[in-house]
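Structural description and commentary
This is what each chain is made of:
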Amino acid sequence: MANQVSLIRTLSEIAALWIASDVGYYIVLPLFGFSAGYSNAPVGIALYYAFWVAVSVNTFWPIFKKWRPIVNVPRAYMFLLASFAGLVLFALFVMPKLPSIVWTESWDPPELMVANHWYFLPKAIEILLQQVLIAALVLAFSARGYSIRAISLWSMILFGGAHLALSFGGLPFGYVTRFIISAMAFGLIFPRLMLKAPNGFTISYTLHWLYYVVTVVMAHTISPYIV
């Protein structure tokens, strides 16, 4: 019973941090002159999410301190360096050549529709925050003896469910549906990577932001709003 209470507390803390970071982005930051959109104030928003990463790591340090997310440090660094180099090259040389978008709907366009080459700086830090919170969830379940299958199912439900909030933003149904389905699919994959694959956290993190690279390309190539 104590383990279940502790697990519920951990899940509540994860939810609280996730919600607090979103509330801060959408409500608090505008009070300090930060307009919505990662491309508008990339450095400031990157620092904002870096703060929440630090808070999250500190909050769940008792869970993280015995975890070894990186087994082969040189190989992990090489993998991340190559991944980030590819991301930088994409942002600098591919994104500027993508077709422009003219948004004609009454609601604000999704962030991905108006992204420029600075978009991935804060997005990479926000994705790191999500990965830290997902890792806390996975390790909390694992510490209590849940199987990989059970952890993956819970991760799928909770990570997919977290993206239901997109449906309250007036965004297109297809846009919201694709993100929820993708989040559920990643929810199934991330736990196995984090618990079983060597350097799995780096792979999980890279896959996560690679999804946004693909989504940006889709938004600027097959969207009905391209010029």
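That block above? That's the structure.
Residues numbered from 1 in each chain as written. Predicted model: local features only at pLDDT ≥ 70, side-chain atom pairs only at ≥ 80, totals over all residues. Heavy atoms only, no water.

Some points on the overall build of the chain
If you tally the helices and strands in the chain, you get 8 helices and 0 strands. For the chain, the α and β elements follow one another from N to C terminus as α-α-α-α-α-α-α-α. Compactness check: the chain gives a C-alpha radius of gyration of 18 Å against a globular reference of 17 Å for 227 residues, within 12% of the reference. Viewed in the frame of its principal axes, the chain has a C-alpha envelope of about 55 × 40 × 35 Å. (Helix = DSSP H or I, 4+ residues; strand = E, 2+ residues; numbered from the N terminus. Rg over C-alpha atoms; globule rule 2.2 N^0.38 Å.)

Quick look at the packing of helix H5 (residues 120–143) against helix H8 (residues 200–221)
Two numbers describe how H5 lies on H8: the axes approach to 10 Å, and their chain directions differ by 135°. Viewed along their axes, H5 and H8 adopt a mutual orientation that is oblique. Our pair here, H5 against H8, has a crossing hand that is right-handed. Contacts between H5 and H8 pair Phe120, Lys123, Ala124, Ile127, Leu128, Gln130, Gln131, Val132 and Ala135 from the former with Phe201, Ser204, Tyr205, His208, Trp209, Tyr212, Val213 and Val216 from the latter. (Axes fitted to C-alpha atoms, helices over the stretch in contact; angles between N-to-C directions. Parallel < 35°, antiparallel > 145°, perpendicular 65-115°, else oblique. Left-handed = near helix turned anticlockwise from the far one by under 90°. Contact = heavy atoms within 4.5 Å.)

Let's talk about the pattern of salt bridges
The final tally for this structure, using the stated rule, is 2 salt bridges. The salt bridge involving arginine 9 is made with glutamate 13; its shortest N-O contact spans 3.4 Å. On the criterion of helical spacing, the pair formed by arginine 9 and glutamate 13 is a turn pair, its members being 4 residues apart in helix H1 (residues 2–31). The salt bridge involving lysine 123 is made with glutamate 126; its shortest N-O contact spans 2.6 Å. Linking lysine 123 with glutamate 126, this pair stays in helix H5, spanning 3 residues, or about one helical turn. (Salt bridge = Lys/Arg side-chain N within 4 Å of Asp/Glu carboxyl O.)

A look at a nonpolar patch on the surface
Side chains of Ile19, Val23, Tyr26, Ile27, Val28, Leu31 and Phe32 sit close together on the surface and give an oily, nonpolar patch of about 780 Å² of accessible area. Residue classification places valine 23 among the partly exposed positions, given a relative accessible area of 38%. (Patch = residues over 30% accessible without salt bridge, like charges linked within 9 Å, V, L, I, M, F, W, Y side chains within 5 Å. Areas by Shrake-Rupley, 256 points an atom, 1.4 Å probe, with all protein chains shown as cover. Buried < 20%, exposed > 50% of the residue type's maximum accessible area, 1.4 Å probe, protein only.)

Section: the packing of aromatic side chains
By convention here, two paired aromatic rings are described through the distance between centres and the angle between planes. What the rule picks out here adds up to 25 aromatic pairs. The interplanar angle of 85° and the centroid separation of 5.7 Å between the aromatic rings of phenylalanine 186 and tyrosine 211 together place this pair among those described as edge-to-face. Remark: tyrosine 211 occurs in helix H8 and phenylalanine 186 occurs in helix H7 (residues 173–196); sequence separation between them is 25 residues. With respect to class, phenylalanine 186 is no different from tyrosine 211; both count as buried. (Phe/Tyr/Trp six-rings, centres within 6.5 Å; stacked < 30°, edge-to-face > 60°.)

Points about the side chain of serine 21
Mapping serine 21 onto the fold places it in helix H1. Under the relative-accessibility criterion, serine 21 is labelled buried at 2%. Reaching out from serine 21, the side chain makes a polar contact with the backbone oxygen of tryptophan 18 at a distance of 2.7 Å. For serine 21, the contacting residues outside a window of four places in its chain are Tyr48, Tyr49, Trp52 and Leu129. (Polar contact = N/O pair within 3.5 Å; in protein donor to acceptor, adjacent residues only side chain to side chain.)

Looking at the environment of phenylalanine 201
Tracing the chain through its elements places phenylalanine 201 in helix H8. Taking the relative accessible area as the measure of exposure, phenylalanine 201 reaches 15% and is therefore buried. Sequence separation between phenylalanine 201 and glutamate 13 is 188 residues, and the spatial gap between their C-alpha atoms is 21 Å. Those residues within four positions of phenylalanine 201 in sequence are excluded, and the remaining contacts are Trp67, Pro69, Leu128, Gln131, Val132, Ala135, Leu193 and Met194.

Shape descriptors only; they carry no functional weight alone.
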